[in-house]
Amino acid sequence: MGSARTHAHNPFWSDTWHISTLGLLKLVVFGPILLPIRIIGFLFTIVLASLIATIAVLGLPRSHFECGTSKPLSAPRNALKMMVPLLGRVLLWFLGYLWIDVKGKKVPMSEAPIVVANHIGPVEPIILAVLTWGMPVAAIENASIPFFGALTKIFLPIFIDRQNPDSRDLVKQEIESRAKAVTEGVYRHPLYMFPEGTTTNGTSVINFKTGAFNPRLPVQPLLIQFPHTPGHIHPSWGHPAPSLLELIFRLLCEPYNRCRLTWLPKVEPVSPDEMTEWPGPKIFANRVQRIFAEELGTPTTQYSFEDMKLMQEALKFSSRKLALEQGGA
């Protein structure tokens, strides 16, 4: 749709750049009406959810959220947590997602302790939190973001510290430990992950990382799609892309945004190769990647998060070089 078709060879190009005459007209007509109401409701909901989450995690030591020492929330804290996903649904309503079409059925956690989903933009983490109440994998920097830090902690995420050289192994062990604990009923909600490791424009399914597949336990795929036609916003947050504030602004001004969720049957490692310690997780991840691509009707690609970072650095270098050349002219 829109520019995503033009840049189909680049899964990181954001279709959000595209705004048609109809889209511009809707911004002019509906923006002044919807924006004041929605932005007040949006901000109020975030503050209220953050306040509840802050109270829920108040007094918990840092070790409660670290790999190897994490524990389930107590019953009173979990009761407070139950209010946060409900407010998350209100937040989606203010973003224009008045109705979300859900197909298929989620299987019990004992059968599939890990939910894996494709990643388009900043909306899906809210959707997964609302839908599963589950435990994500998140960058440790998220824990210190004002308002959002407590909202992250309340879901007991597995934090990745990219500055710690041992973090990757610790996270791998924690994912395996938590997944097994979920099947045993120790945790009340599943793990959920975005195995692509970054956002794309949805024109292809990029290389899957092995984190969700290292435990070699069943996973349940969740397809997330944002059907749209020219003139309607596609909430992809690519690289390069509009700022997060611009994307939220566009969503708030849209009368109605569409989202379709499809639960697929659980997928479990079946072949002896997939059950090996290595390369079993990679073989398993590749098979699930192909399932996503087939169901979404898109190709697979071996592009990865690292390729996106390399592209960002190349763009920065190109911009600096151009600025120096123009300055010296």
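The coordinates are above.
Given the structure is predicted, the values throughout are model-derived calculations rather than measurements.

**A short note on the packing of aromatic side chains**
Then comes step 1: Following the criterion strictly, the structure yields 6 aromatic pairs and no others.
Then comes step 2: When the ring of F208 is compared with that of F213, the centres are 6.2 Å apart and the planes differ by 20 degrees; the resulting orientation is stacked. By the burial criterion, F208 is buried, and F213 matches it.
Then comes step 3: Note on F213 and F284: the rings are 5.3 Å apart at their centroids and 75 degrees apart in plane angle, and the pair reads as edge-to-face. Of this pair, F213 sits in the loop between β5 (191–193) and β6 (219–225) while F284 sits in helix α10 (residues 280–296), placing them 71 residues apart in sequence. In this structure, F213 and F284 share a single accessibility class: buried.
Then comes step 4: Taken together through their ring pairs, the aromatic side chains of F208, F213, F284 and F292 make up a single cluster.

**Some remarks on the sheet that holds β6**
Then comes step 1: Across the sheet, which stays open at both edges, the 5 strands sit in the order β1-β7-β6-β2-β5 with mixed pairing between neighbours. Of all the strands in the sheet, just β1 (101–103) and β5 have a single pairing partner and so form its edges. Strand-to-strand, the axes of this sheet are offset by a mean angle of 20 degrees, without reference to chain direction.
Then comes step 2: Taken together, the 3 bridges between strand β2 (residues 114–117) and β5 define a ladder with parallel strand orientation. Across the sheet, the residue bridging to I114 is L191, located in β5.
Then comes step 3: Running over the sheet, α10 touches β2 and β6 and is turned about 35 degrees from β6.

Conventions used here
- Residues numbered from 1 in each chain as written.
- Predicted model: local features only at pLDDT ≥ 70, side-chain atom pairs only at ≥ 80, totals over all residues.
- Heavy atoms only, no water.
- Phe/Tyr/Trp six-rings, centres within 6.5 Å; stacked < 30°, edge-to-face > 60°.
- Buried < 20%, exposed > 50% of the residue type's maximum accessible area, 1.4 Å probe, protein only.
- Helix = DSSP H or I, 4+ residues; strand = E, 2+ residues; numbered from the N terminus.
- Pairing = 2+ DSSP bridges.
- Axes fitted to C-alpha atoms, helices over the stretch in contact; angles between N-to-C directions.
- Contact = heavy atoms within 4.5 Å.

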